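What follows is each chain in one-letter form.
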Amino acid sequence: MARPFRGTYTVLITPFTADGAAVDLKALERLVEFQIAEGIDGLIPLGSTGEFLSVSREERTAITETVVRTAAGRVPVLMGTGAEDTREVVALSREAEALGADGVMIIPPFYAVPTEDELFHHYKTVADAIGIPIMVYNNPATANVDLLPTTLARLSTIPNCLYVKESTLEATRVRDIIALCGDRMEVFAGVLGYESAWLGAIGWVAVCSNLVPRLSRDMFAAAAFEAERAKALPLYRKLAPLLPWVGGPRYVSGTKAGFRLMGMEMGDPRPPRLPLPERDVPALASVLQAMGAMPAARAAAE
């Protein structure tokens, strides 16, 4: 799949069986079909929302195989291949390419607190080992290192480091990355999808689109590609009540609880993450009902 990445890409949750002992691959297939039927532009399994640190090496392979096979080229699939050891990232990225992934998303090593030289060496080593695009993932809250625009400008000189998922809460980062990187590196928003669209982001890696892919895609497209504020802002305001339920400490538990309410069982998070507290479920249900999400999801699941 050679077309450039753009639009709204869902960073997929990983469904688990009821006892949490295994990945529910059938539920994962249904999730991919739901996303594509609802018009999502791309899929990113095994990101933070996919609990990538809580799955085994064998489960990673099975998830990659399942998503790539089910998507069947209908939308791009970028696999999260982040790890602490550069050698492991190379191995995971080579496997993703061999299994048919269209790209990889790579968060920096999240314990080492690498210097800029170490970051450049890390990404270049992986880039030299594969032939598919890399989406660099900047999330200083979880990676313990901030990929500043100046650092990304250096990384953008690596030929296949073509995209960045920018997940700080500073919308001006989008402006600065574009100014320094030019057309060498395209920006995907990681958190501020609506705000980043107006500053030149060409994509959004979204958590909320797990539950409401069509609304998420339509909102971002109206802002980023149609530049129609009168259309985009009401869609954003419709989407906004869901965002606290799929962000912060609830980004996995809230999303999985939402699927349960929508009739699409995806299991619970794996510890140390816990399910959304029962006391919070009615409020989430009210949000989903107000958005009209639950009937659409039930119909797709059937």
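Residues numbered from 1 in each chain as written. Predicted model: local features only at pLDDT ≥ 70, side-chain atom pairs only at ≥ 80, totals over all residues. Heavy atoms only, no water.

Here's the deal with the pattern of salt bridges
- Within the structure shown, the criterion is met by 19 salt bridges.
- Between R57 and E95 there is a salt bridge whose closest N-O contact spans 3.1 Å. Linking R57 in helix α2 (residues 57-71) with E95 in helix α3 (residues 86-98), this pair joins segments that are 38 residues apart in sequence.
- Among the ionic pairs, D117 bridges to R154, the shortest N-O distance being 2.8 Å. Highlighted residues: D117 in helix α4 (residues 116-129) and R154 in helix α6 (residues 149-155), separated in sequence by 37 residues.
- On the accessibility criterion, R154 (29% relative accessible area) is partly exposed.
- The network of salt bridges with common partners includes K26, E29 and R69. (Salt bridge = Lys/Arg side-chain N within 4 Å of Asp/Glu carboxyl O. Helix = DSSP H or I, 4+ residues; strand = E, 2+ residues; numbered from the N terminus. Buried < 20%, exposed > 50% of the residue type's maximum accessible area, 1.4 Å probe, protein only.)

Quick word on the pairing of strand β1 (residues 7-11)
- Buried residues dominate β1, accounting for five of its five residues.
- Relative to strand β2 (residues 42-44), β1 is paired through three bridges, and the arrangement is parallel. For T10, the partnering residue across the bridge sits in β2 and is L43.
- The handedness of the β1 to β2 crossover, carried by helix α1 (residues 25-37), is right-handed. (Pairing = 2+ DSSP bridges. Right-handed = clockwise from strand over helix to strand, strands pointing away.)

Considerations on the sheet that holds β1
- Reading across from one edge, β2-β1-β8-β7-β6-β5-β4-β3 is the order of the eight strands in this open sheet, with parallel pairing throughout. Looking at strand neighbours, the two that pair on one side only are β2 and β3 (78-80), the edges of this open sheet. If you compare each strand with its neighbour and ignore which way they point, the axes differ by 30° on average.
- Along the sheet face, α4 touches β4 (103-106), β5 (134-138) and β6 (161-166) and points at about 155° away from the line of β5. (Axes fitted to C-alpha atoms, helices over the stretch in contact; angles between N-to-C directions. Contact = heavy atoms within 4.5 Å.)

What about the side chain of R270?
- Within the secondary structure layout, R270 lies in the loop between α11 (253-261) and α12 (281-291).
- Since its relative accessible area comes to 12%, R270 is described here as buried.
- Separated by 3.0 Å, the side chain of R270 and the backbone oxygen of G20 make a polar contact.
- Engagement of the side chain of R270 in a polar contact is seen with the backbone oxygen of A21, the distance being 3.5 Å. (Polar contact = N/O pair within 3.5 Å; in protein donor to acceptor, adjacent residues only side chain to side chain.)

Considerations on α2
- Across its 15 residues, α2 extends 21 Å between first and last C-alpha, which sits within 8% of the 21 Å expected from 1.5 Å per residue.
- All of the buried residues in α2 are E59, R60, T61, I63, T64, T66, V67, V68, T70 and A71.
- Looking at the buried side of α2, the elements it contacts are α1, β2, β3 and α3.
- Backbone geometry just after α2 places A72 at a positive phi near 50°. (Expected span 1.5 Å × (residues − 1).)

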